[in-house]
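Topology and contacts: notes
What follows is each chain in one-letter form.
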Amino acid sequence: MLYKARNLEELDQVAKLISSKFKKPAIVFLKGNLGVGKTAFVKSFCKNHQISERTVKSPTFSLINIYKKDHIQINHLDLYRLTKSDLYIEEELKEIALKPNAISFIEWGERMDNVEKFKNVANLYKITITNNQDNIRNITFQEL
Ligand SMILES: Nc1ncnc2c1ncn2[C@@H]1O[C@H](COP(=O)(O)OP(=O)(O)OP(=O)(O)O)[C@@H](O)[C@H]1O
Ligand SMILES: [Mg+2]
């Protein structure tokens, strides 16, 4: 399914449409180039759940940020800076992502090995974002 967002307001709407399809526990891989809008998608998702955009920061250095609201737990990971010494992340992900109320967003998930192992225990999704010349974000959503 392909969606288009010309600005952050439209991204809020796209995030709403896409997230209505998530079945928890959900692991959502966000794919796309540096600066394309992966974190912005998570901010829109959080905004739609009444979590202020200002509290949602990119987990560039922390690797994982967790937000709890109502009955959901949002786990936001950015593995761009993952190194061999951060292998605990995989264990931690296993622990937090498999909670029945968890939605986990993972930027740069390709830095982690064998994500397939989550396939039988969580619902996996992929969101791919590209930016065209007119600065319109094309956002595709697929179930894995
Ligand atoms: N749909 C959009 N419309 C307008 N601006 C956007 C949109 N999506 C993202 N942006 C803006 O693009 C900039 C970079 O976005 P963001 O930080 O989300 O990228 P990213 O993909 O997470 O990058 P990284 O790979 O470095 O983590 C931000 O200033 C953000 O507000
Ligand atoms: Mg980011």
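Refer to the preceding data block for the structure.
Every chain begins its residue count from 1, and numbering advances along the sequence as written. The naming scheme follows written order: chains are lettered A onward, ligands numbered 1 onward. Side-chain atom pairs in this predicted model are given and counted only at pLDDT of 80 or more, local residue features only at pLDDT of at least 70, and totals for whole chains, interfaces and linings cover all residues.

**Quick word on the overall build of the protein**
Keep this limit in mind: Numbering of helices and strands runs from the N terminus; a helix is a DSSP stretch of H or I covering at least four residues, while a strand is a stretch of E covering at least two. Radius of gyration here is computed from C-alpha atoms only, and the compact-globule reference equals 2.2 Å multiplied by the residue count raised to the power 0.38. Distance between backbone-placed C-beta atoms decides contact: two residues are in contact if it is within 7 Å.
When its secondary structure is counted, the protein shows 3 helices and 7 strands. Its helices and strands taken in sequence order, the protein reads β-α-β-α-β-β-α-β-β-β from the N to the C terminus. Against the globule reference of 15 Å for 144 residues, the protein gives a C-alpha radius of gyration of 14 Å, in line with a compact fold. Residue pairs at least 24 apart in sequence account for 63% of intrachain contacts in the protein once pairs closer than 6 positions are excluded.

**Considerations on unusual backbone geometry**
Operational definition: The burial label depends on the number of other C-beta atoms within 10 Å of a residue's C-beta. Counts of 20 or more mean buried, 12 or fewer mean exposed, and intermediate counts mean partly exposed, with C-beta atoms placed from the backbone.
Note the cis peptide between Lys24 and Pro25, where omega equals -5 degrees. Considering the arrangement of structural elements, one finds Pro25 in the loop between helix H1 (8-19) and strand E2 (26-31). The phi dihedral of Leu63 is positive, around 70 degrees, even though this residue is not glycine. Inspection of the secondary structure puts Leu63 in the loop between helix H2 (38-48) and strand E3 (64-69). With phi around 70 degrees, Asn135 is a residue other than glycine that occupies positive phi space. By C-beta crowding, Asn135 is classed as exposed, having 8 other C-beta atoms within 10 Å.

**Examining the site of ligand 1**
Test applied: Nearness between a residue and a molecule or strand is assessed with a C-beta atom placed from the backbone; a distance within 6 Å qualifies. Asp, Glu, Lys and Arg are counted as charged, while Ala, Val, Leu, Ile, Met, Phe, Trp, Tyr, Cys and Pro are counted as nonpolar; the rest, among them Gly, fall into the polar class.
Near ligand 1 lie 16 residues; those nearest to it are Ala5, Gly37, Lys38, Thr39 and Ala40. Looking at the shell around ligand 1, the elements that each hand over two or more residues are H1 and H2. With 3 residues, H2 is the largest single contributor of residues to the shell around ligand 1. Partitioned by chemical class, the residues of the shell around ligand 1 number 6 nonpolar, 6 polar and 4 charged.

**Topic: the packing of H1 against H2**
Stated precisely, the cut-off is as follows: Lines fitted to C-alpha atoms define the axes here, with helix axes fitted over just the stretch in contact, and angles between the N-to-C directions of these axes take values from 0 to 180 degrees. Roughly parallel means an angle under 35 degrees; roughly antiparallel means over 145; roughly perpendicular covers 65 to 115; every other angle is labelled oblique.
The geometry of H1 relative to H2 is characterised by a closest axis approach of 8 Å and an angle of 75 degrees between their N-to-C directions. In terms of their interaxial angle, H1 and H2 are classed as roughly perpendicular. Across the interface between the two elements, Leu8, Leu11, Asp12, Ala15, Lys16 and Ser19 from H1 touch Ala40, Phe41, Ser44, Phe45, Lys47 and Asn48 from H2. Considering only residue class, the contact of H1 with H2 consists of 6 nonpolar, 3 polar and 3 charged.

**As for the sheet that holds E3**
Rule in force here: A pair of strands is considered paired only if DSSP assigns at least 2 bridges between the two.
Strands sit in the order E1-E7-E6-E2-E5-E4-E3 across an open sheet of 7 strands; the sheet is mixed. The two strands at the open ends of the sheet, each matched to only one other strand, are strand E1 (2-5) and E3. Adjacent strand axes in the sheet meet at a mean angle of 20 degrees when their direction is disregarded. Where E2 lies against strand E6 (residues 123-131), 6 bridges are found, and the strand directions are parallel. Bridge pairing in E6 links Lys31 to Thr128. Strands E1, E6 and strand E7 (137-143) of the sheet are contacted by H1, whose axis makes an angle of about 155 degrees with E1.

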